[in-house]
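What follows is each chain in one-letter form.
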Amino acid sequence: MEIVYEYVKKRSEFGRPCNFSDRASDLHLDIQPDAELAACFFSLDSRDVGMQCAADMSENEVNTVRIESESRGINHTEGGWPNNVNPQEIEHTMRFRKKVEKDENYIKAILKLGIQMEHSIKQNNAIDIYQEYFGEGEEEEEEMADAKEQPAAKTINVFRDPNEVKRTASSLSWHPDGNHKLAVAYSSLEFQRASKSMNFDSYIWDIENRNWPDLTLKPVSPLVSLEYNPKDSHILLGGSYNGQIAYWDTRKGGQPVEMSAIEHSHRDPAYKVIWLQSKTGTDAFSTSTDGQVLWWDIRNMNEPTERLVLDPSKKENLDNALTAVCLEFETTMPTKFMVGTEQGLVISCNRKAKTPAEKIVCTYSSHQGPIYALQRNPFFPKYFLTVADWTARIWSEDIKESSIMSTTFDMTYLMDGCWSPVRPAVFFTAKKDGTVDVWDFLFKQNDPTLTVKVCDEALCSLRVQSNGRLLACGSHVGTATLLEISPGLYTLQRNEKALANEMFERETRREKILEGRLREMRLKERSRSEPGKEEEAQDLEGEESPEELIARAEKDFFQIVEAEMKKWKNETEKQKGKDVSEQKKC
Amino acid sequence: MAEVEETLKRIQSQKGVQGIIIINSEGIPIKSTLDNSSTVQYAGLLHQLVMKTRSTVRDLDPQNDLTFLRVRSKKNEIMIAPDKDYFLIVIQNPSE
């Protein structure tokens, strides 16, 4: 339907001045509603429409694609020679050079440049223009700056598990020399949670390159623990999820050189393997939650050289055995080693004992949960650190009842910890909420000196590099993060060793005194109940069975309740009596 | 020609001077007191460096131009005097 309206103006009237006047409105066209069309629509009575007098905006997230960079060098071989000169032919090049030397420009240029150059050379010879004046003052300033500096940690690099199905980074090991490589063992530690498509590989990362691993280790079953041989940096030993121990040579590639025979290996995941100090550098020992500690010589992996069952009753009974989760071995004390168990006990053992019964020397118990980390202080081997449940504790070897120092109970579970190799009173702990705590016991004992949130998932392993500066932590989804800590936390202060030693000794003495007092009190109690000792003996003989114990507990309880009720009744009666007497008075 | 030789000899006789190289604008070493392989290496690397430095200076201020370049390292100092067509490079061990 076309609606057209024509305005007509005479040609002779063009250009005339306009004279505006009002008039009534004129209806030109009236379009009536078409009832048929109305049937195609239905009316919506009430609508909720937002109106805004502002521009429409939308929110979008943008993230750059992670670029993969590679370092490459360029080698400049000879070039730049003009076409007619063949750089290989000495004659050509000599001729070319002679020609240039005869050029006038050349002579002028060299003379001019020569003057400039001589000036600079003489300047260099006269005085060292980059010499540091005020050198001493700067040093003092630096020291002051360090002292005031806040402890901090910076993430340097993050290594992600390249596989689709993420596994936990269960163990980390630094390369023994150079510290530029990190071996990370990946496995799924949750019970029966490992999916079929999970990759078994573990990787060795070069810390400069986070895009792909340096070397892939391909075990038969995922590795739970992994250690570099401190003597030979090409050899790595891994404990796997199915209990076997395997060793790799990085020169030979990703397949294990040899694996232990499955009949003689552990029956549970081999949670910790440690290399031993020996002449051949091929000895190691491993432990697992099946309650055994096995010694191996990697040259012959068919069966372990020695075996120890962690049975506290010393009867070599596997059923009674305590299940071990971590091991500790210090090269300065080659005959002793310690085992941390799932039951919360630390067992100190002697390797050279003749009979298996004598192997277990003593136990330290204080933790409520499995002991995830156990390490002697690198400066004072008499003291060791245990990390378990919600605390980290420092123990002295002589005191078996309790730890000499302990951190406060934390909100989350502590998963791993280690001493700093450069400062005697500093240690690190990794927690289940993804934070790393740095504790400096000389400075502050109630709180960590530094808390760093590394990631959102739980951190399962932690390892400090031997220079104390870099810290690697592995998380639940397989991300290994490298942190660099501020210089204040890895430079040894002047008296630190002596102060730390004093502190430890003081705490040890305190514990000894407390122990002594406890013993005294116990003795007193015993001596008090001495006359009733015979009756006690009789009672004790009829050692109560659980039912009798329950019955006795019930009886005691009801007696107490009745006594309280009687007391309460008496009191209310007294109150009533008082009120009555008061009323009477009034 | 003789003056060039004289200049170079004078420079060479200064204390601590380890070597002199003259390269042209293409990076070809014209004259050198070092052995061939070192010469070629220095020529290639320093030529690129001077080009980059010069273009940097000119980019920052088109009126400006590079007059001298000193690269001081732990072991020695490399001094480069650039000209329109040629560069004079001297490696000196500053007296410590």
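Quick notes on the rules
Residues numbered from 1 in each chain as written. Chains lettered and ligands numbered in written order. Predicted model: local features only at pLDDT ≥ 70, side-chain atom pairs only at ≥ 80, totals over all residues. Heavy atoms only, no water. Pairing = 2+ DSSP bridges. Helix = DSSP H or I, 4+ residues; strand = E, 2+ residues; numbered from the N terminus. Axes fitted to C-alpha atoms, helices over the stretch in contact; angles between N-to-C directions. Contact = heavy atoms within 4.5 Å. Buried < 20%, exposed > 50% of the residue type's maximum accessible area, 1.4 Å probe, protein only. pLDDT = per-residue confidence, 0-100.

Novice: When you look at the sheet that holds strand 4 (residues 77–82) of chain B in this model, what are you seeing that I'm missing?
Specialist: To summarise the sheet geometry, strands pair through backbone hydrogen bonds and adopt either a parallel or an antiparallel arrangement. On the basis of which strands lie adjacent, the open sheet formed by five strands has the order 2-1-5-4-3 (chain B) and antiparallel pairing. What marks the edges here is a single partner per strand, and that holds for strand 2 (29–32) and strand 3 (69–72) of chain B. Here the strands of the sheet are splayed against their neighbours by 15° on average, with no regard to which way each runs. Examined bridge by bridge, strand 4 of chain B and strand 5 (residues 86–92) of chain B share six bridges and lie antiparallel to one another. Pairing of M79 of chain B across the sheet is with V90 of chain B, part of strand 5 of chain B. Here helix 2 (residues 90–102) of chain A sits on the sheet in contact with strand 1 (17–24), strand 2 and strand 5 of chain B, set at roughly 85° to strand 2 of chain B. Of the strands in this sheet, strand 1, strand 2 and strand 5 of chain B touch helix 1 (residues 2–13) of chain B, which is tilted by about 145° from strand 1 of chain B.

Novice: What exactly am I supposed to notice about the pairing of strand 14 (residues 324–329) of chain A here?
Specialist: In regular strands, side chains alternate between the two faces of the sheet. Residues and elements named next belong to chain A. Of all six residues that make up strand 14, six are buried, and the element is covered over most of its length. In the sheet, strand 14 pairs with strand 15 (residues 336–341) via five bridges, with the strands oriented antiparallel. Each residue of the ladder has a partner; that of F329, found in strand 15, is F337. Connecting the antiparallel pair strand 14 and strand 15 is a turn made up of six residues.

Novice: What should I look at first to understand the confidence of the model for chain A in this one?
Specialist: Close inspection of predicted coordinates is inappropriate for parts of the model with low pLDDT. Of the residues in chain A, 89% reach a pLDDT of 70 or more, and the chain-wide mean stands at 81. Segment residues 533–543 of chain A: pLDDT under 50, and one contact once partners within four positions in sequence are set aside and those in other chains are kept.

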